[in-house]
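# Coordinates in review
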Amino acid sequence: MDARKVLIFDTTLRDGEKVPGLVLSLNEKVRIAKQIVKLGVDVLEVGFPGASEGEFEAAKEIVATVSGPKLVCLARPTSKKDFEAAWKVLEKADNKGLHTFVPASDAYREHFLKKNREEVLKIGEEAIGYAKKYTDDVEFSLVDTWRADPAYVVNLGQMAVDSGATSINFADTVGYATPREVADLVDRINAEVKGLDNITLSIHCHNDLGLAVANSLAAIEKGVNQVHCTVNGIGERAGNTALEEIVMILETRKDLYGCETSVDLGEIYPTCRMISQITGVLIPPGKPIVGANAFIYETVVPQVADVKEKPPYEVIDPDELGIKKEPELLKKDATKEELGEKLAELGLSLNPEELDRAYEAFKELAERKETVFDEDIESLVVEEVLKVPARYKLLYLSVSAGSISVPNATVQMEVDGQIIQDAAFGRGPVDATFKTIQKIVKRKPKLTRYLVNAITAGTDALGEVVVGLQEDDLIVMGRGIDSDVVMASAKAFVNGLNKMELYRKAPPVSEFTEEEVFAPIL
Ligand code: MN
């Protein structure tokens, strides 16, 4: 019997982007979209264009750049403007669909819409109607499905089918469901909703109780054939269903589920690593499938005589995921063409001007560093070439610290084209550096997070620093990479300041009438 196809609906760029403090530039979003397309997903949610001008422009650029999977945009049910914006973005795509939603639970319905159940059924019907003016491909989501009355969930499902939705997605918006409840509800939908033959049933889970993957799997077991997920499971709070985990469960246990996906397994590791690099959301070492420790066996299994054989204790072959045991290192005297080939291999295709800049940075690094790993090159490109357009630029840093002197820093920066230099003392070199930057930019964001991570091995390794900066209600993450940790910290701080600018220029919520104020919580 042929394996059953499970569709992978990627929402990294829409729901995944809600990681607290994460702000992605247009360029970063396009890079991520290209890599996810290369990974081989079936559906790519390119964004929520009605939310802001920035979202609209980014989604448009993604649609102009990628092709292959079905491209989908989200629109709020009561906002005709959202549907118009979504369609303006999607118009030129070959394969496309619209996505809208209504609250299923009483709590959400009353809180966000202040309408009764009958009225929400009507709103859903109208929303599908708006969408169908543009396309036949309409996904309809139920928000907070598992805290809703199951009988009402059936009513909403039936309304969606009758109104012409082609896909019905059940969202466990707050991560409340358990696998058994998911299975029971899917059974009930299948038994009671009429006309499901050509309808895609879909699930969207959150990981608040650590059950996002288990719940998605429970739905698949009951015949649901589409899963919403994000790369590395990133998303607000505890995140969403991790794409790489659900794909590898279906792959590893094909014997049990008889399901397949269209994902190219060899792109899993490069994708997860690249998205962690760009977002600054680090992958925990114990994370299944792609964590640094995921394939390190501490309990020593007796060496088998023939080492070429697949180890008997290994259920997943790391080679299949694109994890190279011995990566081919780029020579220090590599040519620009060789660097270009290496970058393409790492999923980073640059234009000639970007490649020039990357090559300059590579030559500089090769002079300073014993061994240049793939990770070094990747970080370099993300840092030097693909960074957000900057209002603040770090030009020069000098610190003095030690056990007897008072740590102090001198910093030179360019602010709005003007060069400013200043100095300050601090409790340590990093503190002194941050205080000096604050003096120069005349802003004092609160430091909510400070993380240091070595990207590669050795004392000359590139250090990655992630800072959380808060100004009023706005929290952003800044990232900096350098072989000097103080310098990486300064870069991270300045990057955070630039991200704040980016965010303030394109605040996420545009002007809506009172009718349309309905948070896209899904
Ligand atoms: Mn969600």
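Residues numbered from 1 in each chain as written. Predicted model: local features only at pLDDT ≥ 70, side-chain atom pairs only at ≥ 80, totals over all residues. Heavy atoms only, no water.

Below, the discussion takes up the nonpolar core. Of all hydrophobic cores here, the largest spans 124 residues; its most connected members are Leu44, Ile168, Ile189, Ile268, Leu339, Leu343 and Phe362. What Phe362 contacts, discounting residues up to four positions off in sequence, is Leu330, Lys331, Lys332, Ala334, Leu339, Val372 and Leu380. (Core = buried A, V, L, I, M, F, W, Y, C linked by side-chain atoms within 4.5 Å. Buried < 20%, exposed > 50% of the residue type's maximum accessible area, 1.4 Å probe, protein only. Contact = heavy atoms within 4.5 Å.)

With that settled, consider the domain arrangement of the protein. Parsing the protein into structural domains produces domain 1 (4-279), domain 2 (328-383) and domain 3 (392-504). The straight-line distance from the C-alpha centre of domain 2 to that of domain 3 is 25 Å. Tallying the contact residues gives 10 residues for domain 2 and 12 residues for domain 3. By the criterion of area lost to domain 3, the three top residues of domain 2 are Lys369, Ser379 and Glu383, representing 49% of everything that side buries. Across the domain 2-domain 3 interface, the total number found is zero residue pairs in polar contact (both at pLDDT 80 or more). (Domains from an automatic or database assignment. Buried area = accessible area lost by both parts, 1.4 Å probe. Polar contact = N/O pair within 3.5 Å; in protein donor to acceptor, adjacent residues only side chain to side chain.)

What follows covers the state of the cysteines. According to the stated counting rule, one finds zero disulfides in the structure shown. Take Cys73: it sits in no disulfide, and the sulfur closest to it among the cysteines is that of Cys229, at 18 Å. Free of any disulfide, Cys205 has its nearest neighbouring cysteine sulfur in Cys229, separated by 10.0 Å. The class for Cys205 is buried, based on a relative accessible area of 2%. (Disulfide = S-S within 2.5 Å.)

Turning to a nonpolar patch on the surface, a few remarks are in order. A cluster of nonpolar side chains, Leu447, Tyr450, Val452 and Val485, forms an exposed patch at the surface whose accessible area comes to about 310 Å². Of all the elements, strand 14 (residues 446-454) adds the most residues to the nonpolar patch, at three residues. Within the secondary structure, Leu447 sits in strand 14. By relative accessible area, which is 38% here, Leu447 ends up partly exposed. (Patch = residues over 30% accessible without salt bridge, like charges linked within 9 Å, V, L, I, M, F, W, Y side chains within 5 Å. Areas by Shrake-Rupley, 256 points an atom, 1.4 Å probe, with all protein chains shown as cover. Salt bridge = Lys/Arg side-chain N within 4 Å of Asp/Glu carboxyl O. Helix = DSSP H or I, 4+ residues; strand = E, 2+ residues; numbered from the N terminus.)

A few words on helix 2 (residues 53-65). In a regular helix each residue adds 1.5 Å, so 13 residues correspond to 18 Å; helix 2 covers 18 Å between its end C-alpha atoms and thus fits that length. Buried within helix 2 are the following residues: Glu55, Phe56, Ala58, Ala59, Ile62 and Val63. Along its buried surface, helix 2 packs onto helix 1 (26-39), strand 3 (43-47), strand 4 (70-74) and helix 3 (80-90). (Expected span 1.5 Å × (residues − 1).)

In this section: the confidence of the model for the protein. Per-chain confidence: the protein averages 89 in pLDDT, with 93% of residues scoring 70 or above. Contacts from residues 509-517, a stretch scored under 50 in pLDDT, to residues over four places away or in other chains number 18 contacts. (pLDDT = per-residue confidence, 0-100.)

Packing of helix 15 (residues 429-441) against helix 16 (residues 485-505) brings their axes to within 10 Å, and their N-to-C directions diverge by 35°. In this structure, the crossing between helix 15 and helix 16 has a hand that is right-handed. On the side of helix 15, the interface is formed by Pro429, Val430, Thr433, Phe434, Ile437, Gln438 and Val441, while helix 16 contributes Val486, Ser489, Ala490, Phe493, Val494 and Leu497. (Axes fitted to C-alpha atoms, helices over the stretch in contact; angles between N-to-C directions. Left-handed = near helix turned anticlockwise from the far one by under 90°.)

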